[in-house]
Amino acid sequence: MKKDKKEYLVFRDANKHHRISLANISHIIRDTYLTTFYHIEGNHVTCSLSLNHIEGLLRNTAFFRINRHIILNLKQIALVECKGRKRTAVLKNGEKLPIANRRWANFKDMYYLEQ
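Residues numbered from 1 in each chain as written. Predicted model: local features only at pLDDT ≥ 70, side-chain atom pairs only at ≥ 80, totals over all residues. Heavy atoms only, no water.

Undergrad: Just to check I follow, could you spell out the sheet that holds strand S5 (residues 44-47) for this structure?
TA: Note: strands within a sheet are paired through backbone hydrogen bonds, in either parallel or antiparallel orientation. Read from one edge of the open sheet, 5 strands run S5-S4-S3-S7-S6, paired in antiparallel fashion. Because the sheet does not close on itself, it has two edges, and the strands there are S5 and strand S6 (63-65). Between one strand axis and the next, the sheet turns through 15° on average, direction left out of account. As paired strands, strand S4 (residues 34-39) and S5 are joined by 4 bridges and run antiparallel to one another. In the sheet register, Thr 36 faces S5, and the bridge partner there is Thr 46. (Pairing = 2+ DSSP bridges. Helix = DSSP H or I, 4+ residues; strand = E, 2+ residues; numbered from the N terminus. Axes fitted to C-alpha atoms, helices over the stretch in contact; angles between N-to-C directions.)

Here it is, written out as structure tokens:
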């Protein structure tokens, strides 16, 4: 029986198969050729999948792409700082991540919907 809500992200990269709990991911960052999944405990997993591919895997979850390099778990946001047109998501672990201006309207809709 298949559940409606995803609990894990399962993917294959090179010779490794990964199964990561979505609740444990705080954010995902693409840097040049590597994508890193950051866990709330502080450790991380690195793979070579594109953010577009990962974004497709995370469809209909609490994850949102806040700029061209970062996908964020909306449930890990402590607050959002707004200074003029500069918006920053502050995570529960204190890390600050910039939100692109062109994604701000959609981000607000998703953020308030997820509450």
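Undergrad: Please clarify how helix H2 (residues 104-114) should be interpreted in this entry.
TA: Because each turn of an α-helix spans 3.6 residues, side chains separated by three or four positions end up pointing in the same direction. Taken together, the buried positions of H2 are Trp 104, Phe 107 and Tyr 111. End-on view of H2: buried residues confined to an arc of 55°, all on one side of the axis. Set apart from the buried face of H2 by more than 90 degrees, the exposed residues are Asp 109, Tyr 112 and Leu 113. Residues of H2 that are buried in the fold lie against S6, strand S8 (77-83), strand S9 (86-91) and strand S10 (96-99). (Buried < 20%, exposed > 50% of the residue type's maximum accessible area, 1.4 Å probe, protein only. Arc of directions from axis to C-beta. Contact = heavy atoms within 4.5 Å.)

Undergrad: Explain the nonpolar core here, please?
TA: In terms of nonpolar packing, the biggest core is built from 15 residues, with Phe 11, Ile 25, Ile 28, Phe 37, Ile 54, Leu 58 and Ile 71 touching the most fellow members. Those elements that place two or more of their residues in this core are strand S1 (8-13), strand S3 (25-31), S5 and helix H1 (51-57). If near-sequence neighbours (up to four positions away) are discounted, Ile 28 is found in contact with Thr 35, Thr 36, Phe 37, Leu 51, Ile 54, Leu 58, His 69, Ile 70 and Ile 71. Membership of the second largest hydrophobic core comes to 13 residues, among which are Leu 74, Ala 89, Leu 97 and Phe 107. (Core = buried A, V, L, I, M, F, W, Y, C linked by side-chain atoms within 4.5 Å.)

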